[in-house]
Amino acid sequence: MNAAATTVRLADYRRPAFLIPEVVLDIDLQSEDEARVAATLSVQRNPDGASSSSLVLDLDEVSVESVAIDGKLLPPERWQADGRYLTVQDVPASFRLDTVSRIHPRQNTKLMGIYTSSTGFFSLCEAEGFRRITPFLDRPDVMARYTVTLHADRERYPVLLANGNCVAQGEEGGARHWARWVDPFPKPSYLFAVVAARLDRSQDSFRTRSGRNVLLQFFVEPGKLDQGVFALESLKHAMKWDEDTYGLEVDLDEYNIVAVGDFNAGAMENKGLNIFNTKLVLARSDISTDWDFNFIDRTVAHEYFHNWTGNRVTCRDWFQLALKEGLTVFREQQYAGDRYSRAVARIQAVRNLRTGQFPEDAGPMAHPVRPSAYQQVSNFYTSTVYQKGAELVRMMHTLVGPAKFRQAMDLYFREHDGQAVTTDALVAAVEEASGEDLSQFRLWYEQSGTARLSVRDQYDETSQTYVLTVTQSCPPTPGQPTKKPMHMPLTVGLLTPDGRELPLRLEGEKTGRGGSAVLSLRQETEVFRFIDVPVPPVPSLGRNFSAPVIIGYPYDDQALQLLLGYDSDAFNRWEAGQRLAMDLLLRGVADRRAGRPVQFPDYLAEAFGRVLADAQKDPAFAAEALTLPAEIIIAERLEEIDPQAVHEVRFAMRRFLAERLHGAFRSAYDLFATPGPYSPDAESSGRRALRNLCLAFLMDLGEAETRSLCVAQLAGATNMTDAMAALAALASCDCPERRPALDGFYAKWKDEPLVVDKWLSTEALSRLPGTVARVRELSRHPAFTLKNPNKVYALVGSFGVNQVNFHAADGSGYALMVELALALDPINPQVASRMVRNLERYKRYEPARRELMRAALQTIAAHPGLSRETGEVVGKALA
Ligand code: 0A1
Ligand code: ZN
């Protein structure tokens with residue numbers, strides 16, 4: 001029997017019937033198999049909540065042994081614990097509740113609550129993991145002060161940590177020790193954390209602008225302290241950045257970061273005790289790529305930024321998740337823009353949105369940034385909540401400008417510090433600080449689906465006016481057949497045919513707008529009349545990607561080449577190149593499906609050639625501009641997806657460019673070598689990105705000379721960025737050098753789990769036939785285990801985004817996914833449901849694959865004992 005689906009609705013939100021201002025926990029980690037948790041809760045009836053004679057606490061895989069009120073043990077008939085709740089009958093208005101429970105950390109393969117990893121005990125409570133530790137009102141609007149005492153074996157778990165400050169510690173009988181921690185800040189239970197482990201420690205300090213010294217500590221697996229140095233520097237940068245940018249200071253005396261190899265998410269912002277997946281904190285140039293360094297820097301910053309946006313001001317309920325995540329991702333993006341290339345950071349964020357969020361918004365799991373219903377909240381840690389959520393904050397920032405936005409943030413913290421609020425608190429603060437009416441803007445939080453802007457223009461020579469007509473629409477999504485027009489900024493510029501930017505002046509406005517104007521869209525159709533326009537211009541639309549929408553405008557290739565070469569907005573220079581390629585890719589897919597030959601014009605090679613010739617100015621940007629739209633982004637544009645056709649046409653375009661620009665790619669490969677010692681800074685990582693892009697293009701031709709170059713790069717690489725680029729190119733090249741390279745890489749790195757993940761992922765991402773069989777083989781390899789999320793994401797997750805092999809025409813890729821997901825589901829349903837999501841968009845595919853994918857989903861749906869997490873995904877997909 002499958003677990004019954006229950007839907008939680010925003011409309012049913014009620015304030016909690018009870019409040020729990022104080023929590024005292026005594027956690028005795030007796031063995032890996034068992035811990036005893038004694039909880040003392042001060043419970044009060046909530047004057048603002050519904051009145052209830054019984055207290056109902058959340059519970060999940062915890063066995064409750066005893067319950068006492070005000071020190072008196074309750075007889076068994078006064079309380080019941082079923083699988084989900086502890087109900088205590090006839091409770092007074094205000095009382096002390098003592099419970100004693102047992103949990104089983106080693107059996108906790110879901111990795112939610114307290115669980116074990118190789119180095120000891122760790123916890124993850126977001127969103128609903130605290131109820132797996134002790135019975136509680138496990139919801140973010142119940143905020144408490146926590147005092148936590150941990151007991152564990154002294155030798156095996158020398159490090160004991162919890163939130164806040166350590167106030168006492170000591171030894172106890174049986175070679176054990178204990179430590180007591182007090183967190184002075186009231187917090188929701190999802191921010192609770194404990195660690196008891198054998199870890200090495202490094203320490204540093206940060207002096208805040210008000211002159212306080214904060215102790216910073218990093219805890220990593222023994223012997224890996226050198227790999228924590230980079231992240232520690234990032235933490236200090238992030239602390240300084242938040243002071244400089246938002247005037248926000250760290251509020252703790254002690255800030256601890258712990259690394260763990262088994263972790264469901266990337267990292268977790270627990271108050272004063274961030275817990276990180278090793279892959280997002282450990283870095284060293286021989287085992288981490290530039291991309292890893294960048295991601296680590298941003299993630300350390302992200303978790304730190306949560307200390308204010310998430311922890312000090314938290315979410316009322318889980319429908320409000322974007323309140324903390326959208327805002328924190330936006331702050332992380334600002335930080336990345338300041339530390340690296342602003343344009344490249346923006347391009348990468350938009351690519352991320354297009355590969356992850358746009359498809360989600362066009363599928364069966366589409367939901368608004370603030371969802372109104374869910375079955376499992378863990379399924380709503382989505383690209384929509386995070387990435388689109390950040391775009392909404394960015395749009396407000398664009399609409400009101402940076403100065404007013406900053407005032408809005410100040411106001412937000414002044415009014416809501418210490419509170420659990422809704423997404424509306426942020427919008428209201430922006431509204432109040434700026435005077436801008438955001439009532440229509442709020443629709444962005446409620447409507448799902450990716451909006452389209454259809455732009456038409458007309459130039460009138462006699463009156464020297466240029467008219468832009470913008471019509472918005474949004475396709476139907478589950479539960480939302482029709483949409484209302486939304487309020488959004490559209491940043492535009494106008495270029496003359498020789499590439500100069502025209503000063504903008506709208507009819508009826510006294511002053512000009514300079515070279516870029518933020519137009520405000522509100523009505524379904526808006527008309528903008530520009531005056532004093534001396535020549536028919538080329539419009540640059542949606543500069544810096546001013547709104548998360550799809551802009552349609554009938555550009556011809558000349559206009560796109562002009563924008564690619566001359567737009568003052570770097571994002572739109574990149575965008576023009578993407579459009580140029582996309583138009584030709586779509587034409588190619590249509591030609592291939594109609595049995596016509598696929599050809600590409602000279603101007604494509606010329607345009608890309610100019611970007612390459614200009615690369616010296618900004619190699620990182622050139623690398624982005626020379627990257628063709630991803631297969632998933634091309635697929636998204638098709639009526640009916642044929643992944644094989646998409647793959648072949650994109651590959652053909654790569655080979656076309658590699659042939660035409662062979663000499664240029666080859667000389668750029670030499671020119672952009674990075675001399676000197678490795679550094680992950682923006683400048684040198686940009687050079688490596690461009691150089692490795694050249695290698696990848698050349699490798700698509702598979703010539704013997706390039707293969708030797710690639711093998712030499714792999715063998716001689718002094719950093720993982722260059723090694724991985726060479727390995728990935730070989731992995732997709734059907735050549736004799738391939739297998740020895742992959743096997744040699746594994747042999748060299750088999751003792752570094754994070755590098756083994758890279759190897760698994762590289763194998764799973766190969767474009768070559770035989771990949772399905774290889775992934776199945778690797779799923780039985782001793783290096784692989786379904787119990788470790790990183791291994792699953794590396795092998796199964798990478799395979800799931802391999803457009804050509806996961807979607808193999810015979811359905812073998814789907815069958816493999818079903819097999820692995822069903823094996824994983826009872827072990828770790830949160831991760832399993834993420835894997836199953838690779839099948840959810842079956843309706844978008846051509847008939848043969850559609851049928852195979854649907855059958856795969858049905859096999860999963862029919863599986864006895866399927867988890868609620870996976871059940872929600874297959875249920876919605878098949879609905
Ligand atoms: N809040 C964390 C990430 C996180 C996401 C999902 C989780 O469980 C379902 C747990 C943590 C962040 O945004 O960094
Ligand atoms: Zn976050």
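Residues numbered from 1 in each chain as written. Chains lettered and ligands numbered in written order. Predicted model: local features only at pLDDT ≥ 70, side-chain atom pairs only at ≥ 80, totals over all residues.

Naming follows an unreviewed UniProt entry, where the chain appears as Aminopeptidase N of Ramlibacter ginsenosidimutans. Of the chain, the UniProt comment under Cofactor (unreviewed entry) reads exactly: "Zn(2+)". Checking UniProt for the chain, the heading Catalytic activity (unreviewed entry) contains the comment "Release of an N-terminal amino acid, Xaa-|-Yaa- from a peptide, amide or arylamide. Xaa is preferably Ala, but may be most amino acids including Pro (slow action). When a terminal hydrophobic residue is followed by a prolyl residue, the two may be released as an intact Xaa-Pro dipeptide." (UniProt positions renumbered as here; feature names shortened; annotations may be inferred.)

**Student:** What's the story with the overall build of the chain in this structure? I'm lost.
**Tutor:** Looking only at helices and strands, the chain features 26 helices and 31 strands. Taking 29 Å as the expected radius of gyration for a compact globule of 879 residues, we find that the chain reaches 28 Å, a close match to that expectation. Overall, the chain is about 90 × 70 × 60 Å in size when its C-alpha atoms are taken along their principal axes. Across the 879 residues that make up the chain, the buried fraction comes to 51%. Contacts in the chain between residues at least 24 apart in sequence constitute 70% of all its contacts with a sequence separation of at least 6. (Helix = DSSP H or I, 4+ residues; strand = E, 2+ residues; numbered from the N terminus. Rg over C-alpha atoms; globule rule 2.2 N^0.38 Å. Buried ≥ 20, exposed ≤ 12 C-beta atoms within 10 Å, placed from the backbone. Contact = placed C-beta atoms within 7 Å.)

**Student:** Would you take a moment to explain the UniProt feature "domain: Peptidase M1 alanyl aminopeptidase C-terminal" (unreviewed entry) in the chain for this structure?
**Tutor:** In the numbering used here, UniProt assigns the feature "domain: Peptidase M1 alanyl aminopeptidase C-terminal" (unreviewed entry) to residues 557-879. End C-alpha atoms of residues 557-879 are separated by 42 Å, and the span's content is 68% helix alongside 0% strand.

**Student:** Help me out: how do you make sense of helix α20 (residues 753-764) in this one?
**Tutor:** Because each turn of an α-helix spans 3.6 residues, side chains separated by three or four positions end up pointing in the same direction. Compared with the 16 Å implied by 1.5 Å per residue over 12 residues, the 16 Å span of α20 between its first and last C-alpha is a close match. Judged by how many residues are buried, α20 sits mostly within the fold: 11 of 12 residues are covered. All of the buried residues in α20 are Leu-754, Val-755, Val-756, Asp-757, Lys-758, Trp-759, Leu-760, Ser-761, Thr-762, Glu-763 and Ala-764. Buried-residue contacts for α20 involve α18 (720-731), α19 (738-749), α21 (771-778) and α22 (789-800). (Expected span 1.5 Å × (residues − 1).)

**Student:** Can you walk me through the site of ligand 1 in this structure?
**Tutor:** Taken together, 13 residues lie near ligand 1, and Glu-126, Ala-265, Met-268, Ser-378 and Tyr-381 sit nearest. Elements with a contribution of two residues or more to the shell around ligand 1: β20 (267-268) and α2 (290-305). Residue composition of the shell around ligand 1, by class: 6 nonpolar, 3 polar and 4 charged. (Near = placed C-beta within 6 Å. Nonpolar A, V, L, I, M, F, W, Y, C, P; charged D, E, K, R; others polar.)

**Student:** Even after reading the chapter, I still don't get the packing of helix α10 (residues 570-593) against helix α11 (residues 602-613), so can you show me in this structure?
**Tutor:** Helix-helix packing: each pair is described by the crossing angle between the helix axes and the interaxial distance. Between α10 and α11, the shortest axis-to-axis distance is 11 Å and the interhelical angle comes to 155 degrees. Viewed along their axes, α10 and α11 adopt a mutual orientation that is roughly antiparallel. Crossing angle aside, the handedness with which α10 passes α11 is left-handed. Along the contact surface, α10 presents Gly-577, Leu-580 and Leu-584, while α11 presents Leu-604, Ala-607 and Val-611. Residue classes in the contact of α10 with α11 are distributed as 5 nonpolar, 1 polar and no charged. (Axes fitted to C-alpha atoms, helices over the stretch in contact; angles between N-to-C directions. Parallel < 35°, antiparallel > 145°, perpendicular 65-115°, else oblique. Left-handed = near helix turned anticlockwise from the far one by under 90°.)

**Student:** How do you make sense of the domain arrangement of the chain when you look at a structure like this?
**Tutor:** A common way to state how big an interface is: give the accessible area lost once the parts meet. Split into domains, the chain comes out as domain 1 (1-198), domain 2 (452-552), domain 3 (553-660), domain 4 (675-737) and domain 5 (750-879). Taking only C-alpha atoms, the centre of domain 3 and the centre of domain 4 are 22 Å apart. Facing 13 residues of domain 3, the contacting portion of domain 4 comprises 10 residues. Elements with a contribution of two residues or more to the side of domain 3 that touches domain 4: α12 (619-625) and α14 (643-660). Per-element accounting of the side of domain 3 that touches domain 4 gives the leading share, 6 residues, to α14. Residue composition of the side of domain 3 that touches domain 4, by class: 9 nonpolar, 1 polar and 3 charged. (Domains from an automatic or database assignment.)

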